[in-house]
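A look at the structure
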Amino acid sequence: MTYFTAKIQAKPSSLLIWSVLIFLLSSCSGLRRVEKDAPLLVKNEILVNGKPTSSDDDYDIMRQRPNRGAFNVRLFLSMYQLGDKVGDNKVGNWLKNVGEAPAVYDSVARLKTAQQLGLHYFNLGYYRSEITTFETVKNKKVISHYHVNTGPRFTISEYALRSTSRFIDSALTHYQPLLLKDAPIEAELVEAEQLGVTNFLKNNGYYRAKLGWVYFEVDTTAGPNATMLTCVVDPYIYGGNIERVKLDKIRVEPTYSFQNPQPTTDSAHTSHGMDVLQTEKKFRPEFLDQQIFLNKGDYYNNAALRNTYKNLVALGVFKNVQVDVQDLDSTLSASIKLEPLAKRAMRATLEGLGNSGSIGIGGSFNWDNRNLIGGGELLRLSLGGSVTEQRNSTNETWLIDARELNSSISLRVPKLVFPQSWLPPKSKEWSPKTEVAMKASYQFRANEFNRLNLSALLEYRWRIGKASHVFTPAQFSFVQIDFNSTNPSMPFLFLGFQDQVFSATSYRVSESWTKNKTRFFLSADAETGGHLWHLIGINAISNTPISRYIKTGLDFRIYQPLVRQREWALRTYLGVSEVWGSENGFVPFEKSFFMGGSNDMRAWTAYHFGPGSTSETLLQSEGFFAAAPIKFLQSAEYRFTIQEALKGALFMDAGNMWLINKEYSGTFTPEQQSAIDNGVFKWNNFYRQLGLNTGIGLRYDVEFFILRGDLGMKTYHPGADGRSNWTITDPRWRDLNISLGIGYPF
């Protein structure tokens, strides 16, 4: 029987074999001789069981890496060499700092890398792996070869948990193991199990539990598929008191100052046994009682302590949070020191605005009043505005086409404002928030329309595990439009903004998870409005109609990591909305979907694609805005790293939007009637109306956010005029579109 701690390490059993072979390289490699006899490393070749490796971990192990480049052109090496020629001055030093020094081949580094590869595969459960390494040289250019023969992988046929303490042995019967039967014996999984067992003990009163208490016994004598693994917890290794301990005292100081401590003048005792001491009474004790997940007399729970810290930081009312636990041998004492932020704060922001439809500048001014009534509340008053130049605008005289002013007031409370009898006891650990807000905005678009929007909402937010929930039981909007054009439909293809009242209820849930390094994201939302008003016989307020509608959406994403810091990102989106009681049958513009833009069909500008096979001339040349109640989108991106902060992407988007197949009434121009006929969803031909674009993109990570630019090209346009729908066969300048954005498109 063999004994291992959590980190398994061993040398590979094979001998390291190396030899010299000849490998032909392209004559246009772009590499320049650095020194007369200094060979350069140009490639690391890693074959696992005869096939190129698909693991980034293998490349991360490389102790020596070739200079970065593409198509045998080493741009950063050339910059370094140019800087070396320029000399020791500002320009030369800058070029050398940006560039890369020549990767002069090091045979010792290759042999050490081979040894590390053996250790790596041993830690993955390949206890009989063999590593062969050699080099090939041609014209002072070296390729290092690493051939890995993994052999069989050792898996768990039987797994057991036991302890040398009968009390811990009994407690372990309630532990849910991370290691399962038939799972590979990976060092990373074994370490996770070691940490999991330790945290389980700490969450059940064993405050003094250490990682060193937990070790593993591995019996591999029966072969790769019959390995027995035992997790042993031995608390007597370090000696001392190993008993479970309780929290005997909880001291909370919510007005503490780390720079200038002051004596306390106010004290209170909460229902959970906490002593709240304040220099002045700023926070209600019952508020702190709800935000701290510790109870006097409970056994120590490390998870409750961590969650308390995270929750206090997330409240947004404390500048510093410090949580300490003191071991009193037989009991524990918890001390929580909280330094509050300034009660009132002002903030002004100025930002550039840019997307596929506009470019401009915006700003806002916020005034915050924190801890309004002693319960961690946040009252915010905001005033903002923006000026933009709109692409495809009908205005021909204004440089600034669109202007907007807005103001709002909101109150956020760090709990779910419901009767307590409606909520489970664990609800306070869901990071709950309730927000009440009112907003007024005024939008002006030259020669098109003025739009006034008054709105109010009540919103609840909470998080259970990795799932986020947003429930808005009441959202009221009053919209008033004043058209500046003789044609009230301009610039909208069908029905645009109009005087409308929206009284809605909505719910959204989203969750992300990981499985075998693949990340997933799923979001679903539903919104409905106007139906309760209709049931009680009210269909308008101040002669403004109340819209009766429903809108739903489903968003699913997959992120599949590849080798060498590359990734596939896939997205599917489906949205449907419908309206009742509308005079003309169209879903209101605000509750419809649009296509195009920086996060959508990136070869089209926003609102200028679809529905169905609507004419490209109508949308792009005449500048109509289009929206529809059915939307389907699929996007795929191949993401790769160019430099540490510079990323690249190849992408493809496919999708469209459609009108619901029903009767529409009104007075339509021939172009609009044609758009209705071509834009209706039909099961027998919708797939022929899916638009397709491809493109390339750059993303630059500036730490706080990511700047993104995408160049998209129309490949298939269902509404192409005077040419094939496969526009890639007859490309035109208008088929190209540059999209700018912040962050990834999905």
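Higher on the page you've got the structure.
Now for a quick tour of the structure. (Residues numbered from 1 in each chain as written. Predicted model: local features only at pLDDT ≥ 70, side-chain atom pairs only at ≥ 80, totals over all residues. Heavy atoms only, no water.)

1. Notes on the overall build of the chain
What counts is decided by this rule: Secondary structure follows DSSP: runs of H or I at least 4 residues long count as helices, runs of E at least 2 residues long count as strands, and numbering of each begins at the N terminus. When a residue's accessible area, from a 1.4 Å probe over protein chains only, is under 20% of the maximum for its type it is buried; when over 50% it is exposed; and in between it is partly exposed. The contact criterion used is simple: two residues touch if any of their non-hydrogen atoms lie within 4.5 Å. For every accessible area listed, the method is Shrake-Rupley and the probe measures 1.4 Å; residues are considered covered only by the protein chains on display.
Within the chain one finds 11 helices and 32 strands. Counting the 746 residues in the chain, one finds 46% classified as buried. When contacts within the chain are restricted to residue pairs at least 6 apart in sequence, those whose partners lie at least 24 apart make up 63%. Accessible surface, the chain: about 38300 Å² in total, of which carbon and sulfur atoms supply 55%.

2. Some remarks on the side chain of threonine 308
With respect to the helices and strands, threonine 308 occurs in helix H8 (residues 302–314). Once residues lying within four places of it in the same chain are set aside, the contact partners of threonine 308 are Gln291, Ile292, Phe293, Leu294 and Ile336.

3. Some words on the sheet that holds strand E13 (residues 318–327)
Cut-off, in case you're wondering: Here a strand pair is declared whenever DSSP counts at least two bridges between the two strands. Helix axes are fitted only over the stretch in contact, all axes being lines through C-alpha atoms; the angle between N-to-C directions runs from 0 to 180 degrees.
Strands sit in the order E11-E12-E10-E14-E13 across an open sheet of 5 strands; the sheet is mixed. The open sheet has two edge strands, strand E11 (266–269) and E13, and neither has a second partner. Averaged over neighbouring strand pairs, the angle between their axes works out to 15° when direction is ignored. As defined by bridge partners, E13 adjoins strand E14 (residues 331–340) across 9 bridges and the pair is classed as antiparallel. Its bridge partner being in E14, glutamine 322 is matched across the sheet by lysine 337. Where H8 meets the sheet, it contacts E13 and E14, and its direction lies at approximately 165° from that of E13.

4. What to know about the pairing of strand E8 (residues 214–219)
Of all 6 residues in E8, 5 are buried; the element is thus mostly enclosed. One ladder, built from 6 bridges, connects E8 with strand E9 (residues 227–233); its direction is antiparallel. Bridge pairing links valine 214 to valine 233 in E9.

5. Some remarks on helix H2 (residues 75–86)
Quick reminder of the rule: Expected span of a helix: the number of residues minus one, times 1.5 Å.
For H2, which comprises 12 residues, the first-to-last C-alpha distance of 16 Å matches the rise-based estimate of 16 Å (1.5 Å per residue) to within 8%. Along H2, the residues that are buried comprise Phe76, Leu77, Met79, Gln81 and Gly83. On its buried side, H2 packs onto strand E3 (40–48) and helix H3 (90–98).

6. Things to note about the packing of H2 against H3
Threshold: Relative orientations are named as follows: roughly parallel for angles under 35 degrees, roughly antiparallel for angles over 145 degrees, roughly perpendicular for angles from 65 to 115 degrees, and oblique for any other angle. When the near helix sits turned anticlockwise from the far one by under a right angle, the crossing is termed left-handed; a clockwise turn instead gives a right-handed crossing. In this classification, the charged set is Asp, Glu, Lys and Arg, the nonpolar set is Ala, Val, Leu, Ile, Met, Phe, Trp, Tyr, Cys and Pro, and all remaining amino acids, among them Gly, are polar.
Orientation of H2 relative to H3, taken along the N-to-C sense of each, is 155°, at an axis distance of 7 Å. One way to sum up the angle between H2 and H3 is to call them roughly antiparallel. Handedness of the crossing formed by H2 with H3: left-handed. Residues Phe76, Met79, Tyr80, Leu82, Gly83, Asp84 and Val86 of H2 form the contact with H3, whose own contacting residues are Val91, Gly92, Leu95, Lys96 and Val98. A class-by-class count of the residues in the contact of H2 with H3 yields 8 nonpolar, 2 polar and 2 charged.

7. Quick notes on helix H11 (residues 670–679)
Short version of the rule: Working definition: the arc comes from the directions between the helix axis and the C-beta atoms, pointing outward to the latter.
Listed in full, the buried residues belonging to H11 are Gln672, Ala675, Ile676 and Gly679. Angular distribution of buried residues about the axis of H11 spans 100°; they occupy a single face of the element.

8. Things to note about the packing of aromatic side chains
Filter applied, for reference: A pair of aromatic rings is counted whenever rings of Phe, Tyr or Trp (Trp by its six-membered ring) have centres within 6.5 Å, and the orientation is called stacked for planes under 30 degrees apart, edge-to-face for over 60 and tilted otherwise.
Counted according to the given criterion, the structure contains 28 aromatic pairs. Pairing phenylalanine 594 with tyrosine 607 gives two aromatic rings, centres 4.3 Å apart and planes at 25°, and the pair type is stacked. Here phenylalanine 594 is found in the loop between strand E27 (566–580) and helix H10 (616–621), whereas its partner tyrosine 607 is found in the loop between E27 and H10, with 13 residues between them in sequence. Phenylalanine 594 sits in the partly exposed class, given a relative accessible area of 30%. Taken together, a centroid distance of 5.9 Å and an interplanar angle of 35° make the contact between tyrosine 638 and phenylalanine 640 tilted. Among the residues examined, phenylalanine 640 registers a relative accessible area of 23% and is labelled partly exposed.

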